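The primary structure of each chain is shown beneath.
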Amino acid sequence: MDNQPTALPDIAQMQAMAERSLARLPARFREHLTDIVLRVADFATPEQLGAVEIDDRWHLFGLYEGRPLPDKSVWDHSDMPPAITLFRKPLLREWQETGVDLEHLVHHVVVHEAGHHFGFSDDDMHQLEDEAD
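All of the points below concern the structure found in this document. (Residues numbered from 1 in each chain as written. Predicted model: local features only at pLDDT ≥ 70, side-chain atom pairs only at ≥ 80, totals over all residues. Heavy atoms only, no water.)

### Description of the side chain of Gln15
Structurally, the position occupied by Gln15 is in helix 1 (residues 11-24). On the accessibility criterion, Gln15 (17% relative accessible area) is buried. In this structure the side chain of Gln15 is engaged in a polar contact, spanning 2.8 Å, whose partner is the backbone oxygen of Leu38. Excluding anything up to four places from it in sequence, Gln15 contacts Leu38, Arg39 and Val40. (Helix = DSSP H or I, 4+ residues; strand = E, 2+ residues; numbered from the N terminus. Buried < 20%, exposed > 50% of the residue type's maximum accessible area, 1.4 Å probe, protein only. Polar contact = N/O pair within 3.5 Å; in protein donor to acceptor, adjacent residues only side chain to side chain. Contact = heavy atoms within 4.5 Å.)

Put into structure tokens, the structure is as follows:
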């Protein structure tokens, strides 16, 4: 943990990390993520926590909100695009407590949440993460 900077990354800096992470995904996946809204917030809202049945806001690092591609129909016309939200403060705490590289941690969460968009299993998500590295 000695290599961590003294100033914690702000929302814009973490947003840039998340965007770099998406850019590292294989092209066959990126082409299906162009409509995804990628954002960073300090914490999940009470509604977001309730949607995934998590009580402690410190335990949610990221969230995919939307209809996964396998569940979509050509007849679906949603007003809201799918979104991936990263939660900055829980990620920063995890980074500080574990010493895992922050870019790697952000990448792991982005890949996991993008995997939900594709309807992937956890094994599929690990394979996607390996391909993106």
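### Notes on the environment of Asp42
With respect to the helices, strands and loops of the structure, Asp42 is situated in the loop between strand 1 (37-41) and helix 3 (46-51). The partly exposed category is assigned to Asp42, whose relative accessible area is 27%. Spatially, the C-alpha atom of Asp42 lies 9.8 Å from that of Arg57, the residues being 15 residues apart in sequence. The contacts of Asp42, once residues within four sequence positions are left out, are Ile11, Phe87, Arg88, Lys89 and Pro90. Separated by 2.8 Å, the side chains of Asp42 and Arg88 make a polar contact.

### Describing the pairing of strand 1
Side chains of strand 1 alternate between two faces, with Leu38 and Val40 buried and Val37, Arg39 and Ala41 left unburied. Bridging between strand 1 and strand 3 (residues 83-87) involves 5 bridges; their strand directions are parallel. From the neighbouring strand, Val40 faces strand 3, where its bridge partner is Leu86. (Pairing = 2+ DSSP bridges.)

### Description of the pattern of salt bridges
Under the criterion given, the structure shown has 4 salt bridges. The residue Asp42 makes a salt bridge to Arg88 at a minimum N-O spacing of 2.8 Å. Here Asp42, found in the loop between strand 1 and helix 3, pairs with Arg88, found in helix 4 (residues 88-98); they are 46 residues apart in sequence, far enough to count as distant. In this structure, the salt-bridge partner of Arg93 is Glu97, at a minimum N-O distance of 3.7 Å. (Salt bridge = Lys/Arg side-chain N within 4 Å of Asp/Glu carboxyl O.)

### Considerations on the nonpolar core
Counting residues in each nonpolar core, the largest one holds 25 residues, and the members touching the most others are Met14, Leu33, Ile84, Leu86, Leu102 and Val106. In this structure Val106 touches Met14, Met17, Ala18 and Leu86, once residues within four positions along its chain are discounted. Counting 5 residues, the second-largest nonpolar core is a separate cluster that includes Ala44, Leu60, Leu63 and Phe87. (Core = buried A, V, L, I, M, F, W, Y, C linked by side-chain atoms within 4.5 Å.)

### Let's talk about the packing of helix 1 against helix 5 (residues 102-118)
At a closest axis distance of 9 Å, the pairing of helix 1 and helix 5 adopts a crossing angle of 60°. Classified by the angle between their axes, helix 1 and helix 5 sit oblique to one another. Crossing geometry of helix 1 relative to helix 5 is assigned as right-handed. Between helix 1 and helix 5, the residues in contact are Met14, Met17, Ala18, Arg20, Ser21, Leu22 and Arg24 and Leu102, Glu103, Val106, His107 and Val110, respectively. Among the residues forming the contact of helix 1 with helix 5, the class breakdown is 7 nonpolar, 2 polar and 3 charged. (Axes fitted to C-alpha atoms, helices over the stretch in contact; angles between N-to-C directions. Parallel < 35°, antiparallel > 145°, perpendicular 65-115°, else oblique. Left-handed = near helix turned anticlockwise from the far one by under 90°. Nonpolar A, V, L, I, M, F, W, Y, C, P; charged D, E, K, R; others polar.)

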